Protein chains: 4
Amino acid sequence: MTDKNQKPEANSLWGGRFEGGVSDIMEKINASIDFDKILYRQDITGSIEHCKMLVATDIISADDGDAIVKGLKQIEDEIEAGEFEFSAALEDIHMNVESRLTEIIGAAAGRLHTARSRNDQVATDFKLWVRDACDQADDALKALQMALVEKAEENAHVIMPGFTHLQSAQPVTFGHHLLAYFEMFTRDRSRFQDARKRLNECPLGAAALAGTSFPIDRHQTAKALGFDRPTSNSMDTVSDRDFALEFMSAAAISAVHISRLAEEMVTWSCAQFNFIQMSDSFTTGSSIMPQKRNPDAAELCRGKSGRIIGSLNSLLVTMKGLALTFSKDMQEDKEATFDAVETYSLIIAAMTGMVEDMKVNENEMRKATNVGFITATDLADWVVRVLGLPFRTAHHITGSLVAMAEKKGCDLDGLTLEEMKQVEPAITDDVFNVLSVEKSVASRESFGGTAPSQVLKQVSLAKERIG
Amino acid sequence: MTDKNQKPEANSLWGGRFEGGVSDIMEKINASIDFDKILYRQDITGSIEHCKMLVATDIISADDGDAIVKGLKQIEDEIEAGEFEFSAALEDIHMNVESRLTEIIGAAAGRLHTARSRNDQVATDFKLWVRDACDQADDALKALQMALVEKAEENAHVIMPGFTHLQSAQPVTFGHHLLAYFEMFTRDRSRFQDARKRLNECPLGAAALAGTSFPIDRHQTAKALGFDRPTSNSMDTVSDRDFALEFMSAAAISAVHISRLAEEMVTWSCAQFNFIQMSDSFTTGSSIMPQKRNPDAAELCRGKSGRIIGSLNSLLVTMKGLALTFSKDMQEDKEATFDAVETYSLIIAAMTGMVEDMKVNENEMRKATNVGFITATDLADWVVRVLGLPFRTAHHITGSLVAMAEKKGCDLDGLTLEEMKQVEPAITDDVFNVLSVEKSVASRESFGGTAPSQVLKQVSLAKERIG
Amino acid sequence: MTDKNQKPEANSLWGGRFEGGVSDIMEKINASIDFDKILYRQDITGSIEHCKMLVATDIISADDGDAIVKGLKQIEDEIEAGEFEFSAALEDIHMNVESRLTEIIGAAAGRLHTARSRNDQVATDFKLWVRDACDQADDALKALQMALVEKAEENAHVIMPGFTHLQSAQPVTFGHHLLAYFEMFTRDRSRFQDARKRLNECPLGAAALAGTSFPIDRHQTAKALGFDRPTSNSMDTVSDRDFALEFMSAAAISAVHISRLAEEMVTWSCAQFNFIQMSDSFTTGSSIMPQKRNPDAAELCRGKSGRIIGSLNSLLVTMKGLALTFSKDMQEDKEATFDAVETYSLIIAAMTGMVEDMKVNENEMRKATNVGFITATDLADWVVRVLGLPFRTAHHITGSLVAMAEKKGCDLDGLTLEEMKQVEPAITDDVFNVLSVEKSVASRESFGGTAPSQVLKQVSLAKERIG
Amino acid sequence: MTDKNQKPEANSLWGGRFEGGVSDIMEKINASIDFDKILYRQDITGSIEHCKMLVATDIISADDGDAIVKGLKQIEDEIEAGEFEFSAALEDIHMNVESRLTEIIGAAAGRLHTARSRNDQVATDFKLWVRDACDQADDALKALQMALVEKAEENAHVIMPGFTHLQSAQPVTFGHHLLAYFEMFTRDRSRFQDARKRLNECPLGAAALAGTSFPIDRHQTAKALGFDRPTSNSMDTVSDRDFALEFMSAAAISAVHISRLAEEMVTWSCAQFNFIQMSDSFTTGSSIMPQKRNPDAAELCRGKSGRIIGSLNSLLVTMKGLALTFSKDMQEDKEATFDAVETYSLIIAAMTGMVEDMKVNENEMRKATNVGFITATDLADWVVRVLGLPFRTAHHITGSLVAMAEKKGCDLDGLTLEEMKQVEPAITDDVFNVLSVEKSVASRESFGGTAPSQVLKQVSLAKERIG
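Residues numbered from 1 in each chain as written. Chains lettered and ligands numbered in written order. Predicted model: local features only at pLDDT ≥ 70, side-chain atom pairs only at ≥ 80, totals over all residues. Heavy atoms only, no water.

### Some details on the interface of chain B and chain D
Contacts between the two partners involve 45 residues from chain B, matched on the other side by 45 residues from chain D. The junction of chain B with chain D conceals about 3600 Å² of combined surface from both sides, 56% of it contributed by carbon and sulfur atoms. For the pair chain B and chain D, the interface holds zero salt bridges. Secondary-structure elements contributing two or more residues to the side of chain B that touches chain D are β1 (159–164), β2 (167–173), α11 (242–268), α12 (296–319), α15 (376–387) and α16 (391–408) of chain B. Ranked by residue count, the leading element in the side of chain B that touches chain D is α16(B), at six residues. Split into classes, the residues belonging to the side of chain B that touches chain D amount to 19 nonpolar, 19 polar and seven charged. (Contact = heavy atoms within 4.5 Å. Buried area = accessible area lost by both parts, 1.4 Å probe. Salt bridge = Lys/Arg side-chain N within 4 Å of Asp/Glu carboxyl O. Helix = DSSP H or I, 4+ residues; strand = E, 2+ residues; numbered from the N terminus. Nonpolar A, V, L, I, M, F, W, Y, C, P; charged D, E, K, R; others polar.)

### Concerning the pairing of strand β1 (residues 159–164) of chain D
All names here are of chain D. Burial runs high along β1: six of the six residues are buried. Alignment of β1 against strand β2 (residues 167–173), held across six bridges, turns out to be antiparallel. Across the sheet, the residue bridging to P161 is P171, located in β2. A loop of two residues connects β1 with β2, the two strands running antiparallel in sequence, and H165 in this loop sits at a positive phi of about 55 degrees. (Buried < 20%, exposed > 50% of the residue type's maximum accessible area, 1.4 Å probe, protein only. Pairing = 2+ DSSP bridges.)

### Description of the pattern of salt bridges
Counted according to the given criterion, the structure contains 145 salt bridges over all chains. A salt bridge links D:D64 to D:R111, with the shortest nitrogen-to-oxygen separation between them at 2.8 Å. Of this pair, D:D64 sits in helix α5 (residues 62–80) while D:R111 is found in the loop between α6 (93–105) and α7 (118–154), placing the two residues 47 residues apart along the sequence. Accessibility expressed as a relative area gives 19% for D:D64, which makes it buried. Several salt bridges share partner residues, and in doing so they unite C:R187, C:D188, C:R191, C:D194, C:K197, D:R198, D:D236, D:D240, D:D242 and D:E246 into one network.

### Re the relation of the copies chain B and chain A
The operation relating the pair of chain copies consists of a rotation about an axis and a translation along that axis. When chain B is fitted to chain A, the best match, at an RMSD of 0.0 Å, comes from turning it 180 degrees and sliding it 0.0 Å along the axis. One copy is carried onto the other by what is essentially a two-fold rotation axis. The C-alpha atom lying nearest the rotation axis in chain B is that of B:S249; the distance is 3.0 Å. Here 100% of the contact residues of chain B are again contact residues in chain A; the copies associate through an equivalent surface. (Least-squares fit on C-alpha atoms with pLDDT ≥ 70 in both.)

### Regarding the packing of helix α4 (residues 40–56) of chain B against helix α5 (residues 62–80) of chain B
Residue and element names in this part refer to chain B. Contact pair α4 / α5: the axes reach a minimum separation of 9 Å and the direction vectors enclose 170 degrees. In terms of orientation, α4 lies roughly antiparallel with respect to α5. Residues Y40, R41, I44, S47, I48, C51 and V55 of α4 lie in contact with α5, whose contacting residues are A62, G65, I68, V69, L72, K73, I75, E76, I79 and E80. Residue composition of the contact of α4 with α5, by class: 11 nonpolar, two polar and four charged. (Axes fitted to C-alpha atoms, helices over the stretch in contact; angles between N-to-C directions. Parallel < 35°, antiparallel > 145°, perpendicular 65-115°, else oblique.)

### Side note on the relation of the copies chain B and chain D
Overlaying chain B with chain D gives an RMSD of 0.1 Å, the required rotation being 180 degrees about an axis along which the chain moves by 0.0 Å. Interface overlap between copies: 100% of the residues of chain B at the interface are likewise at the interface in chain D, consistent with a symmetric, same-surface contact.

### Remarks on the interface of chain B and chain A
Listed as interface residues are 106 residues of chain B and, on the opposing side, 106 residues of chain A. Here chain B and chain A share an interface that buries about 9000 Å² over both sides, 55% of which is from carbon and sulfur atoms. On the surface where chain B and chain A come into contact, there are 14 salt bridges. No other element matches the 13 residues that helix α8 (residues 174–199) of chain B contributes to the side of chain B that touches chain A. Classifying every residue of the side of chain B that touches chain A gives 38 nonpolar, 41 polar and 27 charged.

### Re the packing of aromatic side chains
On inspection of all chains with the given rule, the structure shows 42 aromatic pairs over all chains. With a centroid separation of 5.4 Å and an interplanar angle of 70 degrees, the aromatic rings of C:F126 and C:F243 are classed as edge-to-face. Taken together, the residues span a long stretch of sequence, with C:F126 in helix α7 (residues 118–154) and C:F243 in helix α11 (residues 242–268) at a distance of 117 residues. The exposure classification of C:F126 matches that of C:F243, with both residues buried. Judged by centre distance (5.3 Å) and plane angle (70 degrees), the ring pair of D:F174 and D:W268 falls under edge-to-face. (Phe/Tyr/Trp six-rings, centres within 6.5 Å; stacked < 30°, edge-to-face > 60°.)

### A closer look at the environment of C:L415
Residues and elements named next belong to chain C. Its location among the elements puts L415 in the loop between α16 (391–408) and α17 (417–423). For L415, a relative accessible area of 2% translates into the label buried. Along the primary structure L415 and V402 are separated by 13 residues, whereas in three dimensions their C-alpha atoms are 9.5 Å apart. Excluding its chain neighbours within four sequence positions, the residues that come into contact with L415 are L401, M404, A405, K408, C410, M420 and F432.

### Side note on helix α19 (residues 452–466) of chain B
Taking 1.5 Å of rise per residue, 15 residues should cover 21 Å, and α19(B) covers 20 Å from first to last C-alpha, within 8% of that figure. Those residues of α19(B) that are buried are in contact with α7 (118–154), β2, α8 and α18 (437–443) of chain B. (Expected span 1.5 Å × (residues − 1).)

### A few points about a negative patch on the surface
Residues and elements named next belong to chain A. A cluster of acidic residues, E150, E154, E356 and D357, forms a negative patch on the protein surface. Elements with a minimum of two residues in the negative patch: α7 (118–154) and α13 (332–357). Topologically, E150 is positioned in helix α7. (Patch = residues over 30% accessible without salt bridge, like charges linked within 9 Å, V, L, I, M, F, W, Y side chains within 5 Å. Areas by Shrake-Rupley, 256 points an atom, 1.4 Å probe, with all protein chains shown as cover. Lys, Arg positive; Asp, Glu negative; His and termini not counted. Charge placed at Lys NZ, Arg CZ, Asp CG, Glu CD.)

### Observations concerning unusual backbone geometry
Following B:L324, the chain continues into B:T325 via a peptide bond in cis, with omega recorded as -5 degrees. Along the polypeptide, B:T325 turns up in the loop between α12 and α13 (332–357). Residue A:H165 is not a glycine yet carries a positive backbone phi of 55 degrees. Locating A:H165 in the fold gives a position in the loop between β1 (159–164) and β2 (167–173). A:H165 sits in the buried class, given a relative accessible area of 6%. Look at C:L166: it is not a glycine, yet its phi comes out positive at around 60 degrees. By secondary structure assignment, the location of C:L166 is in the loop between β1 (159–164) and β2 (167–173).

### Comments concerning α7(C)
Owing to its 3.6 residues per turn, the α-helix brings residues three or four apart onto one side. Look at α7(C): 54 Å from first C-alpha to last across 37 residues, which is about the 54 Å you get at 1.5 Å a residue. Counting buried positions over the 37 residues of α7(C) gives 26, a clear majority of the element.

Laid out in structure tokens, this is it:
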């Protein structure tokens, strides 16, 4: 940021009325140019289309219009070339651009703001930016989904313990486990898509808050900027930040999903689990413990979910209880949203890389299913299916057999038929057919179940659903 | 809640394995029956359809199926008649119902839980409940929208100051102001509708986490319970609470809208504004200051937005970093959601009543537009339109005229033409045509603008959009 | 709650002015008796002392005073005996008590509210309640500290891996690990003690907001109720809810500590770690997987931290931006605080029980230190200390030795001296003296370090510090 | 930030073990130098004292020690002169400093990290920084208190309506109203002071997590750095971020206070209230409405409370459920805290300026007490005091008189004695002595009450309490 110390100019933008100066603290608390300059492209695009509409409706002349458009394009070039000098005294991106336009084309620049206000201008810029963020989130999630589906396909037959309460519950396939996250990110994409549709109404023309008496054509600017229609109420238009809140809600829910996968990666890659090995690209060493392979990227993904939740919370609090229409509190919308978007894009990218890179320790996963009587449910189901007993009875029988095996220090298939018959005489040696982990997994063929056949079917459907 | 001190029974549901007792503190922290009994109807409906499917797929006999369905219906009747004795020792609604079913129909009750687990059962019950909550939110918002539209129509011509920064900016109509909230609640309804669509996949059949080896028909139960399809991944199914988070996100955003209208009502009904009078039904007196007419209901609506934001935050935090699949942390989902739904329904209902009841002090609103040079923008626009000067120049001229009027102690139309000409010689007496508040409002006919004609047009569209 | 349908009565408390009735929705949103009846003891105690002061200052007669005090004590007895009928129409505990007092002693009851308002009354009741909650939190934390210290003493020599990033870093003792939590809860207690000191100023006498013209003695009531002094500004007094916010801040930070220990317990008790076994009292079985020993209580402790964070957040949001003095939004303070206190007391109690009950699998912990080159730092430190090389150089040497051992498939002490000399010729066989886990632990004798001698010293200090 | 593309170097800090490179995304998510360079002074001071202790305990030589200290001082100078080139590849401030130290003094630099780890180093740096932030917050709040007390003294006799529910309740003095905020900020200062005391234990010497086998003197470094003592448990030391959480809790509560005063300033300065005029220094104009004097700074103070609440929430969420000891999630502590501190310092400074600058419209305030039967409580109290009736009876009488006055369209002192006697025959014309606003205010002389005499007494006490 370059402060050209242009306070007098800034003052003059507010009209001829202010006698006192603007204190330093005020400039610091009030100026937004440090963060809102990120909106320069949206601001210039919006201004160009507004200008074209003013010409089309004969509100300004074609000559003035041409000069303005040309000037704006030059400014865009200057910014992208890093040659533009931003001024804090000019407060924000809108004033910085307009002030430079005046330098380039003279007084005609002053016609651009006809039938417009900073209130509808900033709402337009910010909406366009959040709309892009929705599209980018969708793309990034798609890449993550592809990484997951590919990894799931490779691991459709790899058996691991399925956990509840971090206790081994039933054997599952690793492919199945990964597809659980595919579902979460599918819902996330759908939320961003819905958010995008809902926000896609154009604020331009709401002016300060009441609309305008100039004969503008709001449908023209809406269409030119890719909006579905203009907004329906000018006061709502300049008071509304739902689009930012909804983006952050979707990002917060998605970040919670990321945090869950990250937590699992941290657990899976500790020595006690040793289910996966994360790549050097996403781990670090220790300054004092040379043997460490720390899953830093996964931990940061997990930790940064707190940051996104915090940003959502921050803007909800800021918007709470604000009278219509625009209040300066609403300037707080941008940093919270920008930070949430940047953080979110970073953790999605890191997670995609980690999923692609991780090596699966198939043997360790399989070995872990040998503890914890993991086929107890299969045994109970066999009792129901073959002996015809009610599930609750079967459940009690299984509980007794587990207790027996625990005492004996073996797994369920380590019990002899005789021992089993002590608990339930009707048991036959057919029962041993369901006590193997492989058979357990293969048998769970209900729709969406963990059997490799089902996983491959869902992989195939997933590829279609990714779009 | 009636605690029949049935700890031994409760223990026995967990199998024959536990030797120690369950401490009091454990019962208190673990039992959910106090709050999850609200799910009884969803639980029984889900069980009935699960049972019918088990019969249709020959997993259990038709006789057992009939007995189970009949027993479940009896339990529903008992609960609705207030005759059911809930037991904390039986932990939750699912075990309370199943235990009673056993009392009524004997061992056959134990067949109901075949090919099912509490994990998919609770996900189904809770989803059905949240789905209803989405529908009810939509209905409640529709009623609020109707109240707003009706009030807007009545007040399409009532003029008041439009505020930014709580400073008079431009005159608007009160109908226009109310329609701003119509737009917010339209977006809110749309969010609840999207949430409903997204959640509408049936968890039943995911079983504990891995699916089941029984030949169940998940499409049958999904259809019977009004779901669009079964879920696609059993592990995601029992780990997912997105539907609760998404409901609460939508409710939090909507509660912020409510808080804004509530804040305005509090402000509008203070003596200094006196724009509206709230009805006795939604105000209270003071125990010590008999003259007070306190806008308690509006304040509670405003304050309770904090509660809903807190509940959303609470569940996001709880879900953060949880390994798949089910962990008991997730039991915290229900109280947060139930409280958010109840709070939300209460503030929507209260707000609907307050909108319907409020009396509009038309004269006070109109009088308030006489201060603050509220037609300054109209003056600036006139300079642009009639004198052809750039907007920024017009803005400076207007600023000088406002300063002049402020010094003279009059409004803009209190300046003489001569005085105006001192600032800008080209001004003619045509300018006085735009300095009246009524003309200002009538002129803002851009789409979505504040002109009464536009307001009535939007009222008419709103009636269609309400559906 | 018994609703005696006393709306007319309720109305009459608000004075003779209201013509309309109070709608059902209003009663539901406005009444607080359902939750604030928990304050009955504080309310009655506060009223008794207020009454005695009114007598002492000759504002009311001794006879009226005696009647009031006697009546209030009778009401307290009725409530504690469960014989009191609470009425929602009477809104809150204060009106319920006063209304009953009128029934008992007649018109003299009306003198109790002299020089008082519900605003200072509720602030007093609530402060007294939160003050008790601070004391109880301190006591509960003390019990938890004692459980930790005792367990730490028993396990001062038990060796386990110390983790960073959930990767084995250096060996530590389990006693040392447990004492880390002792420190956290020491800070927590200190926070509650500070909160108690800060809140200990008496609101009584602030009246509605402005103080009173009656010649009351605020120092008398302050002293009688155990406050250090009366508050200094009547407007702040009735607007202030800092004491609830500060309690919840301290509880939220402490709940985060609890959540960390709970997370560790869940991890430690999974089959892959198997460091501890949690007692049957705090685990549950599964309805479908009989072999499970689910750490439900630990998971609920972890999950409920979200709830307390949510409650803190909720009240911060509610208080944000409220104009002075009392607004009805502030009624939201109580449910948030009550829930936070109850939740917090529950998780502290559960955690205390879990710490007391847990069995330590000493062998498994020790075995876990055999992987991961856990004495690499000791090796590096040896190189620094004995060979005199800079730490960074030592670090590189150690890294190379770890890589060599990893390739060879052994731990560091599995390398021969010759192999080591290939990396750094100066190494001698003295190095093997630091490669054992036991020697590593014993050597870390810096103040607060993990050596058993240090742990026992800190245990001894801790016993003194508990107080 | 200058990225010297030193990835190989960075890698080499992690030991000789990594074969793969560090991806761009990893560098972006992992590097903290962009924000933690703010800690340079604390880092260098901490290193200097650590180095001196290493010399004093003969762990390193005096010559090496001198070289290190000299090199560190040179680096501090370079940073302060803006000549230091920070490198993202070197991740953080600690590695940037150490790497530069090596450039300056060669291999001896590698001795500085003896008996230390980044874990205790970063905890020390961050604690020192937060300790400074506590001191600065205390100073800033003191300045704000002085502004308030001065303004309160000037306005000890200025009468305004005291509000509850934004309804006129009883007359108060503006000085009294301002002193309410003095009390809030007094509690805030006390919270920061307590936080400072609690954090003041030195982490240095905890090393990575287990302490160290070098014979260090932790008491020496603690004392040299102004800490009260070293921390008592090395694992807690590197896991603890309570000090940041507690700072942010105190800041969040204080920000809520600021938001309340800001809300009042916005309300007071709107045309309808017109109680104060904010200075040009803290208001802005409008780009389209030249007459506006927008209270931007007050609105930003109000809005930014959401940001601080969000930051607190963010770190609580991030810390929730983290296993001991250090996890990379904890790197998220700094940006949240830095932003909270900067935001908080900004709003305190802005608020101090606004309080100092605001002009009080004494006449408007006084005029506003003429509506709303603001002395009704005085009337009720008169009935109690003079007629000896119970307060509740007096309350009913007053309610009837207010209704009568409302009907007649006058204030209470507009009723004749005869009219009053219709309601309560015992009323005498002495009653008119309490119906004036001035007498009402003067009569509320209870401790902490609104009478000018009390306000001046509290002003005098406040000056002492400020310290």
